[in-house]
Amino acid sequence: MQQPRRHRDVVRALGAIEGDFRVGLACPLGESQPANDEGIAAILAVIVELTNRFGMEGCLPRMRLTACSGTIPSAHLQGLTERGVSRFSDVPAMLMAHPEINLVIALTDSPELLAELRRSVPVSVTLLDRPATVFLCCLLELAKASGRCEIDLRGSRNLLARIVDELPDDIFFLDAQGQILDVNRQACERHGLNKEALLHRSSSEVPAGPDQVSCDSESLDGPVLATLTHGRESEALQTWVDDQGRVHYYQVTTYPVFNDEGQLERVVEVRRDVTLRTEMEKRLQQAEKLAAIGELSTYIAHEIRNPLFAIGGFANSLLRSRELSENSRDKVRIILEESKRLDRILKSIINFARPTASEVTEVDINQIVSDTIGVLGIGCEERGVVVDMHLEKELPKAQANVELLKQCLINLVKNALEAMSGGGRLMVTTAMERQQVRISIEDTGHGIPLDLQDKIFNPFFTTKQTGSGAGLGLAMTKKIIRDLGGDLILTSRPDKGTRVDVYLQPAAAMEEKARNRPEP
């Protein structure tokens, strides 16, 4: 760790002193001070420790206790003897025997004895009286306390840094202008950058993940600005799209940090990836919608289809009547056609709300994909769409229903063709991924706007013209795949196309689950 500037200046000044400190200790003489004086003993103990500390500091001149004179406290006699410290009756004798002594520390508090020492000690030898020695002892205690505080502070800082680095969220420490002062390790690893590359940048310039683009650039620094402006905690849900077109959801929370004067000094920004949680919430909402539709369909089946059947019956009867004019017959035909269309919609709603009841067997996915694309091939040619099909060899069989899976693939391919009205390329691939059988259908059409991606699988939602459908095709497709134990994932970017991945359980995996299922 780099030393503070003031500390370096002191070390430089002490380093300019030539040689080491050779210390001579002048204790009270004879009967002027008891040998067991606690004050003298305490000061002497600190002096001994002070000489030891100077000896351990490589950047400071060494301080060695060479000799002592006068009456030594009995508690230190043995220790000084073991250290090889010479003992003399008075200071002149001590200085004569040890001319290398350049510092004399006087422990006497007698003014007469101190004045005698000043007269007898040469000018080349520094003399410290008892108050100065006590002052040095106090400085030593302060240095020890400061060292303990520094150790505690360093330990607390390291502990806090480890805790922040281990958190799975991205944490940014910002100044009062929203500039990044520090980040945790998770943020660096997520972006593949070192800390220096992120510092002193605005947090709005750093996306939630590498190669990701914000879906709403105006809200990038929304929470940060709100906290800087109002000094309160702020939170927002931001959406980002990666280079594969997958949408990610991040919960961004900012916390204000105030100084002692109550002024906003720092802002802590926490970004948490809540994509999985958001997807689970959407699935729960979808399940609630399906439950509501199921209740509604029951009501429709009993209360609407009966009068609708009567309308259709009477319309057929009127058409057989000879009393109607041709103009009236046209009107009755319209009534009959509209009643039939309404009946088809009601059947779709009822079928959608019911559980998918079908026989699930081991199916050859490559064969089903080839048959489906073969049926739709003519429609692709008419639209100027080139089909690119890559089927993985030795693909394991999957658990599915042939007719239902074909229905799902036809719905997905038709939607892809409608997105490429001016021609394009349709890529259909099969592979093993995530220990599941994957079918991918990708087009080069206009893509799906982000605000519609969460809605296209909702029942009765459609972007087509009125009368083109009930908006249940994609919702039914996703429901069938889920009922088969699989999953359906959509990724899309406007003007760059759409990709739908269908995941199905391999036959072997389903058999293993069946074997491990506890018997009732």
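From a predicted model like this one, the values you see are computed outputs, not experimental measurements.

1. Structural notes on the pairing of strand E2 (residues 63-69)
The element E2 is extensively covered by neighbouring structure, given that six of its seven residues are classed as buried. The pairing of strand E1 (residues 21-26) with E2 spans six bridges and is classified as parallel. Its bridge partner being in E2, alanine 26 is matched across the sheet by serine 69. Sheet topology places E2 next to strand E3 (residues 86-88); three bridges connect them, and they run parallel. Looking across to E3, one finds that serine 69 is bridged to phenylalanine 88. With helix H3 (residues 77-82) bridging E2 and the parallel E3, this β-α-β connection has right-handed handedness.

2. Digging into the pairing of E1
Of all six residues in E1, five are buried; the element is thus mostly enclosed. Note: E1 against strand E4 (residues 103-106), four bridges, orientation parallel. Among the inter-strand pairings, valine 23 is bridged to a residue of E4, identified as leucine 103.

3. Comments concerning the pattern of salt bridges
One pass over the structure, following the stated rule, counts 17 salt bridges. The salt bridge partner of aspartate 129 is arginine 118, with a shortest N-O separation of 3.7 Å. Taken together, the positions of aspartate 129 in the loop between strand E5 (126-128) and helix H6 (130-166) and arginine 118 in helix H5 (residues 111-120) put the pair 11 residues apart, joining distant regions of the chain. The partner of glutamate 166 in a salt bridge is arginine 185, and the shortest N-O contact between them spans 2.6 Å. With glutamate 166 in helix H6 and arginine 185 in helix H7 (residues 185-191), this pair connects stretches of sequence that are 19 residues apart. Under the relative-accessibility criterion, glutamate 166 is labelled exposed at 57%. Where salt bridges share partners, they join Glu166, Arg185 and Glu189 into one cluster.

4. Considerations on helix H11 (residues 305-320)
Note that an α-helix has 3.6 residues per turn; residues three or four places apart therefore point the same way. With 16 residues, H11 extends 23 Å from end C-alpha to end C-alpha; this agrees with the ideal 22 Å at 1.5 Å per step. Taken residue by residue, H11 has Leu308, Gly312 and Ala315 as its buried positions. Relative to the axis of H11, the buried residues are bounded by an arc of 65° and lie together on one face. Among the exposed residues of H11, those oriented more than 90 degrees off its buried face are Asn306, Phe309, Phe314 and Arg320.

5. Quick notes on helix H16 (residues 473-483)
Among the residues of H16, those classed as buried are Leu474, Ala475, Met476, Thr477, Lys479, Ile480 and Ile481. Positive phi shows up at glycine 485, right after H16, with a value of about 85°.

6. Here we look at the sheet that holds strand E17 (residues 487-493)
The mixed open sheet is built from five strands, whose spatial order is E13-E15-E16-E18-E17. Looking at the sheet topology across the chains shown, the edges are occupied by strand E13 (385-391) and E17. Put simply, the sheet's adjacent strands are angled 15° from each other on average, direction ignored. Note that strand E16 (residues 436-443) and strand E18 (residues 497-504) share seven bridges and pair antiparallel.

7. Topic: a nonpolar patch on the surface
Taken together, the side chains of Phe135, Leu136, Leu139 and Leu142 define a hydrophobic patch exposed on the protein surface, amounting to about 370 Å² of accessible area. You can see leucine 142 is positioned in helix H6.

Rules behind the numbers
- Residues numbered from 1 in each chain as written.
- Predicted model: local features only at pLDDT ≥ 70, side-chain atom pairs only at ≥ 80, totals over all residues.
- Heavy atoms only, no water.
- Buried < 20%, exposed > 50% of the residue type's maximum accessible area, 1.4 Å probe, protein only.
- Helix = DSSP H or I, 4+ residues; strand = E, 2+ residues; numbered from the N terminus.
- Pairing = 2+ DSSP bridges.
- Right-handed = clockwise from strand over helix to strand, strands pointing away.
- Salt bridge = Lys/Arg side-chain N within 4 Å of Asp/Glu carboxyl O.
- Expected span 1.5 Å × (residues − 1).
- Arc of directions from axis to C-beta.
- Axes fitted to C-alpha atoms, helices over the stretch in contact; angles between N-to-C directions.
- Patch = residues over 30% accessible without salt bridge, like charges linked within 9 Å, V, L, I, M, F, W, Y side chains within 5 Å.
- Areas by Shrake-Rupley, 256 points an atom, 1.4 Å probe, with all protein chains shown as cover.

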